[in-house]
Amino acid sequence: MTTASQETKTRTAFLALDYVTYIVANFSHDAAVAERASSALATARAAKLPVFHVVQEQMRDQIHPLLAPVGDEPVLGKATIGAFATTDLDKSLRAAGIGRVIIAGVATSGTVLSTARWAFDVGYEVVVCADACADPDPKAHSALVDESVFPQSWIGLWRIARVVTSDELTGVVGAVGP
């Protein structure tokens, strides 16, 4: 069990996954997802959390304007679905002392699911900002982020992550600090 004092010591980073204009426009069931992801990103930045943008290698220069990197925020190019396998994300997070990741991305059944499971498997605490994620199939998105859809399923992200909304993120970030 994690105590409140242990929780405040866990350094947190925000991961913006596959937020490129083409992917948001073509692989999201939710036209407002970039706006909510931008709000979540603003919350993370206000809390001075490290931010990592991870996108397909060939799309590194196509980041959605609402989620454009600021300052020295890294943009990592990947060659696989998840954010870890073909990048130095894990090395960068560990070097920064990160123990918890907040994930927002498109698509929920692709990069979000893959990245969340990998992060959990290698020891990170995972928070998924559900309304800052989207999928081409709204039913798949719901099945992954809403425990009430398939409560007996093991595929749901709630099994390995704390699932919150962008509005709830302020409380999460405030509780954990940078």
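Residues numbered from 1 in each chain as written. Predicted model: local features only at pLDDT ≥ 70, side-chain atom pairs only at ≥ 80, totals over all residues. Heavy atoms only, no water.

1. Quick word on the overall build of the protein chain
Each helix and strand in the protein chain was counted, giving seven helices and six strands. Sequence-ordered secondary structure for the protein chain, helices as α and strands as β, is α-β-α-α-β-β-α-β-α-β-α-β-α. C-alpha extents for the protein chain along the principal axes are approximately 45 × 40 × 30 Å. Classification of the 178 residues of the protein chain by burial places 50% in the buried group. Looking at the protein chain alone, contacts between residues at least 24 apart form 72% of all its contacts between residues at least 6 apart. Split by element, the accessible area of the protein chain, about 8,300 Å² in all, is 56% carbon and sulfur. (Helix = DSSP H or I, 4+ residues; strand = E, 2+ residues; numbered from the N terminus. Buried < 20%, exposed > 50% of the residue type's maximum accessible area, 1.4 Å probe, protein only. Contact = heavy atoms within 4.5 Å. Areas by Shrake-Rupley, 256 points an atom, 1.4 Å probe, with all protein chains shown as cover.)

2. Structural notes on the nonpolar core
Core analysis: the biggest nonpolar cluster contains 32 residues, and Phe14, Tyr19, Ile102, Val106 and Leu169 have the highest contact counts within it. Mapped by element, the contributors of at least two residues to this core are strand S1 (11-17), helix H2 (21-26), helix H3 (33-46), strand S2 (51-56), strand S4 (98-105), strand S5 (125-129) and helix H7 (169-176). For this core, the element with the highest residue contribution is H3, accounting for six residues. Look past the residues within four positions of Leu169 in its chain and what remains in contact with it is Phe14, Ala40, Thr43, Ile102, Cys129 and Val164. (Core = buried A, V, L, I, M, F, W, Y, C linked by side-chain atoms within 4.5 Å.)

3. A word on the packing of aromatic side chains
Pairs of aromatic rings are described using the distance from one ring centre to the other and the angle between the two planes. With the rule as written, the count across this model stands at three aromatic pairs. Arranged with centres 6.0 Å apart and planes meeting at 65 degrees, the rings of Tyr22 and Phe27 form a pair that is edge-to-face. Summarising the aromatic geometry, the rings of Phe84 and Trp118 are spaced 6.1 Å apart at their centres and angled 5 degrees between planes, so their arrangement reads as stacked. Linking Phe84 in the loop between strand S3 (75-78) and helix H4 (89-95) with Trp118 in helix H5 (residues 108-121), this pair joins segments that are 34 residues apart in sequence. (Phe/Tyr/Trp six-rings, centres within 6.5 Å; stacked < 30°, edge-to-face > 60°.)

4. Remarks on the packing of H5 against helix H6 (residues 138-145)
It is the contact of H5 with H6, at a shortest axis distance of 10 Å, that shows an interaxial angle of 20 degrees. One way to sum up the angle between H5 and H6 is to call them roughly parallel. Residues Thr108, Ser109 and Leu113 of H5 form the contact with H6, whose participating residues are His141, Leu144 and Val145. Tallied by class, the residues present in the contact of H5 with H6 amount to three nonpolar, three polar and no charged. (Axes fitted to C-alpha atoms, helices over the stretch in contact; angles between N-to-C directions. Parallel < 35°, antiparallel > 145°, perpendicular 65-115°, else oblique. Nonpolar A, V, L, I, M, F, W, Y, C, P; charged D, E, K, R; others polar.)

5. A look at the sheet that holds S4
Strands sit in the order S3-S2-S1-S4-S5-S6 across an open sheet of six strands; the sheet is parallel. Each edge of the open sheet is held by one strand with a lone partner, namely S3 and strand S6 (162-164). In this sheet, neighbouring strand axes are inclined to one another by 25 degrees on average, regardless of whether the strands run parallel or antiparallel. Bridge analysis of S4 against S5 gives four bridges, and the strand direction is parallel. Within S5, the residue paired with Ile102 across the bridge is Val127. (Pairing = 2+ DSSP bridges.)

6. Some remarks on the pattern of salt bridges
The tally for this structure, following the rule as stated, stands at seven salt bridges. Note that Asp30 and Arg36 form a salt bridge whose closest N and O atoms lie 1.9 Å from each other. Residue Asp30 is classed as buried on the basis of its relative accessible area of 18%. Among the residues examined, Arg36 registers a relative accessible area of 22% and is labelled partly exposed. Linking Arg60 and Glu57 is a salt bridge whose minimum nitrogen-to-oxygen distance equals 3.4 Å. Here the salt bridges share partners, and the residues they tie into one network are Asp30, Arg36 and Asp131. (Salt bridge = Lys/Arg side-chain N within 4 Å of Asp/Glu carboxyl O.)

7. Description of the pairing of S3
Going residue by residue along S3, you find Val75 and Gly77 tucked away on one face and Leu76 and Lys78 tucked away on the opposite face as well. Relative to S3, S2 runs parallel, the two being bridged by four bridges. Each residue of the ladder has a partner; that of Val55, found in S3, is Gly77.

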